[in-house]
Amino acid sequence: MKTLKKIYDIFSEVEKYFIFAIFFFATVFVVINVFGRKLFGFSFNWLEELNRYILVVCTFIGASIGVTLGNHPRMDSVLSLLKGRVRMIVEVVSTLIFTVFSAYMTFYAFRQLQSMLKLSAMTATLKVPVYVFFMFIPIGFLGMTVRSIVKLIMQARDIAYCQKPGDEPDQGGESA
């Protein structure tokens, strides 16, 4: 379990730095375009297009991070009424439903990406294949699926040892 958690944490850090870097560059690009438009009377159309695609990338990679942080919508009011093992089981069922949904969306998004590859459409001003940016949609869904599976494993472990979520199980002094 500790190895899985360590890999999971490394994956999370890489995603966070990736999101930070591209969002930072998007901010710089917007500032450059605003100054160009206000001071010099022109703007870079390709920067505007690039920022739109950066937002798509940030959305889907950020949605993957949201699984770990528990930021996806769910019925917290129902969970707040439940206690102990029953609450943990309801959370597992909720995570399982989300995992199935994100796995289906991963499959569907990869199918859509295959269609984009066949069409070989190009972006309007960047002249870059559209799939370069839209490949982050299935990658984001895949990240959500993987994170949900890891979350399910950790929740199942918590139920098996009937403990509070996130606590390490006590197995007679042995570590998992």
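How each quantity is defined
Residues numbered from 1 in each chain as written. Predicted model: local features only at pLDDT ≥ 70, side-chain atom pairs only at ≥ 80, totals over all residues. Heavy atoms only, no water. Salt bridge = Lys/Arg side-chain N within 4 Å of Asp/Glu carboxyl O. Helix = DSSP H or I, 4+ residues; strand = E, 2+ residues; numbered from the N terminus. Buried < 20%, exposed > 50% of the residue type's maximum accessible area, 1.4 Å probe, protein only. Phe/Tyr/Trp six-rings, centres within 6.5 Å; stacked < 30°, edge-to-face > 60°.

Undergrad: When you look at the pattern of salt bridges in this model, what are you seeing that I'm missing?
TA: One side chain can pair with another of opposite charge once the charged atoms of both are near each other. As enumerated under the stated definition, the model contains five salt bridges in all. With a closest N to O distance of 2.1 Å, Glu15 and Arg147 form a salt bridge. Of this pair, Glu15 sits in helix α1 (residues 2-40) while Arg147 sits in helix α6 (residues 136-160), and the two are 132 residues apart along the sequence. Across the pair, exposure class does not vary: Glu15 and Arg147 are buried alike. Here Arg87 ties to Glu91 by a salt bridge, and the two come within 3.2 Å at their closest N and O atoms. Of this pair, Arg87 and Glu91 both sit in helix α4 (residues 84-119), separated by four residues, roughly a single helical turn. Judged by its relative accessible area of 29%, Arg87 is partly exposed.

Undergrad: Explain the packing of aromatic side chains here, please?
TA: In this description, a pair of aromatic rings is defined by centroid distance and the angle of the planes. Tallied over the full model, the rule gives twelve aromatic pairs. Pairing Phe60 with Phe141 gives two aromatic rings, centres 5.6 Å apart and planes at 55 degrees, and the pair type is tilted. With Phe60 in helix α2 (residues 45-69) and Phe141 in helix α6, the pair connects residues that are 81 residues apart, well separated along the chain. An angle of 15 degrees between the planes, with centres 6.4 Å apart, marks the rings of Tyr104 and Tyr108 as stacked. A residue pair is termed a helical-turn pair when its members lie 3 or 4 positions apart in one helix, as Tyr104 and Tyr108 do in helix α4 at four residues. For Tyr108, a relative accessible area of 37% puts it in the partly exposed group.

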